[in-house]
Amino acid sequence: MPTDITPVLHATGISKFFPGVIALDDVELTLYPGEVHGLLGENGAGKSTLIKCLTGAYARDGGKIELDGVEISPRDPLSSQEAGIGTVYQEVNLLPNLSVAENLFLGRQPRRFGMIDQRRMVRDARTILSEYGLDIDPARLLSSYSIAVQQIVAIARAVELSGKVLILDEPTASLDRDEVQLMFSVIRRLTGRGLAVVFITHFLDQVQAICDRATILRNGCVVGTLKLAEASRTEIVTMMLGRQLEEVTSRADRGVPGDVLLSLEEFGRRGSIEPFSMEIREGEVVGLAGLLGSGRSETCNAVFGADPADRGEARLRGDPLRLSNPRAAIRHRFALCPEDRKTDGIVGDLSVRENIILSLQARQGWFRPLPRARIEEIAEHYVQALDIRLASLDTPIRLLSGGNQQKALLARWLATDPAFLILDEPTRGIDVGAHAEIIALIERLRADGMALLVASSEMEELVAYSTRVIVLRDRKQVGELRGDEISPAAIVRAIAAEEEEVA
Amino acid sequence: MRHSTKLPLYITIATFLLAYALCIAQFPSMLSTRVVANLLTDNAFLGITAVGMTFVILSGGIDLSVGSVIAFTGVFLAVVLRDTSIHPLVAFVLALGITTLFGAVMGAIIHYLEMPPFIVTLAGMFLMRGLAYVLSTESVPIDHEFYDWLQSLYWKAPGGGRFRLIAGIMLLVFLGAMIVLHRTRFGRNVYALGGSAQTAQLMGVSCARSTIMIYAVSGGLAGLAGIVFSLYTSAGYSLAAVGTELDAIAAVVIGGTLLTGGSGFVAGTFFGIMIMGLIQTYIVFDGTLSSWWTKIVIGILLFTFIMLQKGLAWVTTGRIPRASASAAQS
């Protein structure tokens, strides 16, 4: 990208604060006409906050946005669209109950004598869509076409209405390989017309395939902007994950794992996780490493039966086992602490006590309530054992800090006395102190002979407690590290390893 | 064919034709312009109300106030014509103005206060019924030469059927609604709101304006239905048209419009009205059946059509499961 061209969009010093958090800190983004610009970063790095500041969905707290050299200050997505910045999200923001043509033209339908000119609208829609390489009947309902086609219609609408900058927020997340290629050809056509495209995705190979440059965010700051032709994947991953990798955490003796608890053969789910085989022993912590979207959560959910596997078989202590739903898993003393505790875990308005006994009570059956004294005893026990800090057991759990919520959630599953505990991102969004406590707790549970499967995006954390680390990429298991091989650098190397690359 | 939103409409039309054919098979005299003319005349006020209801339901809302608005309009006209020397045409304009404004205010409350339409229009229902009582608790006859003249207008079809003015008004309203819903931006916005109000807003549809207009249309058409009702009965009575809103909703649903909004046709509503009218006509012809059979058959029809919609929705969403399932994942 020659730098003497004037940028189409130049954002400088963009800052955004949320109570107690700096979401964006002095972020700069420059877009040149005709380029595809990747926006990379782990979850919480500030990608979507940045997008929302650019489109006016959030009011930014500082900084300046220039579009074609003119400063703009969009108040909402509609006004930024008028100014020239169009956005397409992963979930298609169109109306499935209207025709494709109407979705393209809603609010600006061609009219004759005050009436909508259907025929012209369909004809124009066909012309527009053919520029995107789509040959479909625009008079049919939007919902009769695949998500990929709907995405392209959304892109066409955004481009028609804005026409300078197009922001694509994970447009390929729910597309299969051919559909991704279709999407790429559409993006290339657009850049050929001089549009600047911002491309957000978690799939690194897609970034390398389509993007010219990329800006990498971490913790609300720009780590760097690089030309992808000159960058290796390892470089990108290292930048995304940060440089806290140098210090090597001391590794305690892991002891000898016990008997095989659960073994999975060619276990997988179409469109979610490629078939894999895995063995988990008692007294063993298996770590799952990989970038976001690499299939960590999908693996956890498949093993727990939340998104049941559609192939392969599972054996529990040698006996065949069907993991078709979470209830079956719970019956075999499995437990899963999900990643998103706000939506999947805590029941915000119930008290801490009720949240802790929820799973135990559910397993007992609702018609055999636990005696009050027993509930009190269990709740008290775990509040003490896990050092959950709260005013009283009656406090609604949503008032607790993230770390304490997480511990209460852990307590809920520990109360069911599980043999196999699955933790998905157990330390996401909690403070450093609670972080260390949870790591210590995992270590203690392992020493007690429990089998654990822990998915995490934090390398040191995995190094600190894992007996083995399984590395995932693009929803596939790509490597396994054991014992002394486990180090943050080794994990990063395994994540980034390019198959064809000659070492 | 599978994704066609017109399928429920075709099913409604087929149901009507089948029902009519069965009626004729039993009572050949039902095949006459007289029966058809009466079908249109007797259901004129309900049909006009149902058109307004179609707008509201298509946008994902509901309007429970229409029955009361009809009663209010009738009493209002009767009282005004009895106590003042205002010409009926002026009274019509007044009544339409009041009811349209009333609908618009309900729409504004629904949009700006983010209240559920059910509650707002329920309040409107009580309010309008109460106002009707305030005007008069008794049935007030309307006696005016202009009314007599309007009632005497008809076109006599071969076969003896008399197509009266109010039937013509209803047909015009249906025609107008079809044009508005399918050929104007406002009409398409009604569908857009029913699809997803939030998305429509993001796509630049003014939800405030559309919602207010939708309920104004419903209120205004209920007012027109009130005028037609007063022409039909020559009286205004505050207890009239109780439950009409439910009949109108039933007609809209039988007509194939999705109760959740976004999909349906006003033509379907027309055939919904005709099916309901046909059942009543059949009962009159039979002579031995009680009138509650109407309710029973309408109940069964409603169930059938709701099941049908559910089934269709199932078939259409079942077709693209992979994309949505994995979208929920990441």
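Residues numbered from 1 in each chain as written. Chains lettered and ligands numbered in written order. Predicted model: local features only at pLDDT ≥ 70, side-chain atom pairs only at ≥ 80, totals over all residues. Heavy atoms only, no water.

### Notes on the sheet that holds strand E4 (residues 62-67) of chain A
Strand pairs in the sheet, formed through backbone hydrogen bonds, run parallel or antiparallel to each other.
Residue and element names in this part refer to chain A.
Logical step 1: Within the open sheet, the four strands sit side by side as E2-E1-E4-E5. Their pairing is antiparallel. The sheet is open, and its two borders are formed by strand E2 (21-31) and strand E5 (70-72), each paired with just one other strand. For this sheet the average axis-to-axis angle between neighbouring strands, irrespective of direction, equals 30°.
Logical step 2: Bridge analysis of E4 against E5 gives three bridges, and the strand direction is antiparallel. In the sheet register, Leu 67 faces E5, and the bridge partner there is Val 70. (Pairing = 2+ DSSP bridges. Helix = DSSP H or I, 4+ residues; strand = E, 2+ residues; numbered from the N terminus. Axes fitted to C-alpha atoms, helices over the stretch in contact; angles between N-to-C directions.)

### Re the UniProt feature "transmembrane region" (unreviewed entry) in chain B
All names here are of chain B.
Logical step 1: Look at the UniProt record and you will see "transmembrane region" (unreviewed entry) annotated at residues 7-27, 47-77, 89-112, 118-135, 163-181, 212-232, 239-259 and 292-309.
Logical step 2: Helix makes up 89% of residues 163-181 and strand makes up 11%, while its end C-alpha atoms are separated by 26 Å.
Logical step 3: Taken end to end, residues 239-259 comprises 52% helix and 0% strand; its first and last C-alpha atoms sit 28 Å apart. (UniProt positions renumbered as here; feature names shortened; annotations may be inferred.)

### Considering the sheet that holds strand E14 (residues 273-281) of chain A
Residue and element names in this part refer to chain A.
Logical step 1: Spatial ordering of the open sheet is given by E14-E13-E16-E17, a layout of four strands whose pairing is antiparallel. Edge positions in the sheet fall to E14 and strand E17 (319-321), since each of these pairs with one other strand and no more. Put simply, the sheet's adjacent strands are angled 20° from each other on average, direction ignored.
Logical step 2: Helix-sheet contacts for helix H9 (residues 296-304) involve strand E13 (260-269) and E14, and the interaxial angle to E14 is about 65°. (Contact = heavy atoms within 4.5 Å.)

### Focus: helix H5 (residues 88-112) of chain B
Residues and elements named next belong to chain B.
Logical step 1: Counted at 1.5 Å a residue, the expected span for H5 with its 25 residues is 36 Å, and the 36 Å between its end C-alpha atoms agrees.
Logical step 2: Among the residues of H5, those classed as buried are Pro 88, Ala 91, Phe 92, Ala 95, Thr 99, Phe 102, Gly 103, Ala 104, Met 106, Gly 107 and Ile 110.
Logical step 3: Where H5 is buried, its residues touch helix H4 (66-83), helix H6 (117-135), helix H7 (145-152) and helix H11 (207-233).
Logical step 4: Of the residues one or two after H5, Glu 114 is the one with positive phi, at around 50°. (Expected span 1.5 Å × (residues − 1). Buried < 20%, exposed > 50% of the residue type's maximum accessible area, 1.4 Å probe, protein only.)

### Some points on the interface of chain B and chain A
Logical step 1: Each partner contributes residues to the interface: chain B has 30 residues there, and chain A has 37 residues.
Logical step 2: Interface area for chain B against chain A, summed over the two sides, is near 2,800 Å², with a carbon-plus-sulfur share of 55%.
Logical step 3: Connecting chain B to chain A are seven residue pairs in polar contact (both at pLDDT 80 or more).
Logical step 4: Among the elements of the structure, helix H8 (165-183), helix H9 (185-195), helix H10 (197-202) and helix H15 (321-329) of chain B are those that each provide at least two residues to the side of chain B that touches chain A.
Logical step 5: Grouping the constituent residues of the side of chain B that touches chain A by class yields ten nonpolar, 15 polar and five charged. (Buried area = accessible area lost by both parts, 1.4 Å probe. Polar contact = N/O pair within 3.5 Å; in protein donor to acceptor, adjacent residues only side chain to side chain. Nonpolar A, V, L, I, M, F, W, Y, C, P; charged D, E, K, R; others polar.)

### Focus: the packing of aromatic side chains
Logical step 1: As enumerated under the stated definition, the model contains 16 aromatic pairs over all chains in all.
Logical step 2: Ring centres of A:Phe184 and A:Phe199 lie 6.1 Å apart, and the angle between their planes is 75°; on these two criteria the pair is classed as edge-to-face. With A:Phe184 in helix H6 (residues 177-192) and A:Phe199 in strand E10 (residues 196-200), the pair connects residues that are 15 residues apart, well separated along the chain.
Logical step 3: Each ring, one from B:Phe270 and one from B:Phe271, has its centre 5.4 Å from the other, and the planes form 85°; the classification is edge-to-face.
Logical step 4: Look at B:Phe270 and you get buried, because its relative accessible area is 17%.
Logical step 5: Its relative accessible area of 18% is what places B:Phe271 among the buried residues.
Logical step 6: Grouping aromatic residues by their ring pairs yields a cluster made of B:Phe16, B:Tyr20, B:Phe174, B:Phe270 and B:Phe271. (Phe/Tyr/Trp six-rings, centres within 6.5 Å; stacked < 30°, edge-to-face > 60°.)

### Remarks on the pairing of E13(A)
All names here are of chain A.
Logical step 1: Strand direction decides the pairing type here: E13 and E14, joined by six bridges, are antiparallel. Along E14, the bridge assignment pairs Arg 269 with Ile 273.
Logical step 2: When E13 meets strand E16 (residues 311-316), the two strands line up antiparallel, connected through five bridges. The partner of Glu 265 across the bridge, within E16, is Glu 313.

### Considerations on the domain arrangement of chain A
Residues and elements named next belong to chain A.
Logical step 1: In terms of domains, chain A is made up of domain 1 (9-88 + 166-172 + 193-241) and domain 2 (260-496).
Logical step 2: Centre-to-centre, using C-alpha coordinates, domain 1 lies 33 Å away from domain 2.
Logical step 3: Tallying the contact residues gives twelve residues for domain 1 and eleven residues for domain 2.
Logical step 4: The junction of domain 1 with domain 2 conceals about 1,100 Å² of combined surface from both sides, 66% of it contributed by carbon and sulfur atoms.
Logical step 5: Scanning the region where domain 1 abuts domain 2 turns up zero salt bridges.
Logical step 6: Between the two partners, domain 1 and domain 2, sit zero residue pairs in polar contact (both at pLDDT 80 or more).
Logical step 7: Elements supplying a minimum of two residues to the side of domain 1 that touches domain 2: helix H7 (204-210) and helix H8 (233-241).
Logical step 8: Examining the composition of the side of domain 1 that touches domain 2, we find that six residues originate from one element, H8, more than from any other.
Logical step 9: Split by residue class, the side of domain 1 that touches domain 2 holds five nonpolar, four polar and three charged. (Domains from an automatic or database assignment. Salt bridge = Lys/Arg side-chain N within 4 Å of Asp/Glu carboxyl O.)

### Digging into the pairing of E10(A)
Residue and element names in this part refer to chain A.
Logical step 1: By the criterion of burial, E10 is predominantly enclosed, with five of the five residues buried.
Logical step 2: Burial along E10 is two-sided: Ala 196, Val 198 and Ile 200 and Val 197 and Phe 199, pointing in opposite directions, are all buried.
Logical step 3: When strand E3 (residues 36-40) meets E10, the two strands line up parallel, connected through four bridges. The residue of E10 that forms the bridge with Leu 39 is Ile 200.
Logical step 4: Following the chain from strand E9 (residues 165-169) across H6 to the adjacent parallel E10, one finds a crossover that is right-handed. (Right-handed = clockwise from strand over helix to strand, strands pointing away.)

### Focus: the side chain of A:Gln109
Logical step 1: By the secondary structure assignment, A:Gln109 is in the loop between helix H3 (100-105) and strand E7 (111-112).
Logical step 2: A:Gln109 has contacts with A:Ile116, A:Met121, B:Arg185 and B:Arg188, leaving out every residue within four places of it along the chain.

### Structural notes on the pattern of salt bridges
Residues and elements named next belong to chain A.
Logical step 1: The final tally for this structure, using the stated rule, is 22 salt bridges over all chains.
Logical step 2: Glu 376 is the partner of Arg 353 in a salt bridge, and the nearest nitrogen-oxygen pair spans 3.2 Å. A residue pair is termed long-range when its members are at least 10 positions apart, and Arg 353 in helix H12 (residues 352-364) and Glu 376 in helix H13 (residues 372-385) qualify at 23 residues.
Logical step 3: With a relative accessible area of 8%, Arg 353 lands in the buried category.
Logical step 4: Here Glu 376 falls in the partly exposed class, since its relative accessible area comes to 23%.
Logical step 5: Where Arg 372 meets Glu 376, a salt bridge forms, and the shortest distance between an N and an O atom there is 3.8 Å. In this pair, Arg 372 and Glu 376 both sit in helix H13, four residues apart, roughly one turn of the helix.
Logical step 6: Of the residues examined, Arg 372 reaches a relative accessible area of 53% and is grouped as exposed.
Logical step 7: When salt bridges that share partners are traced, they join Glu 284, Arg 468, Glu 480 and Arg 482 into one network.

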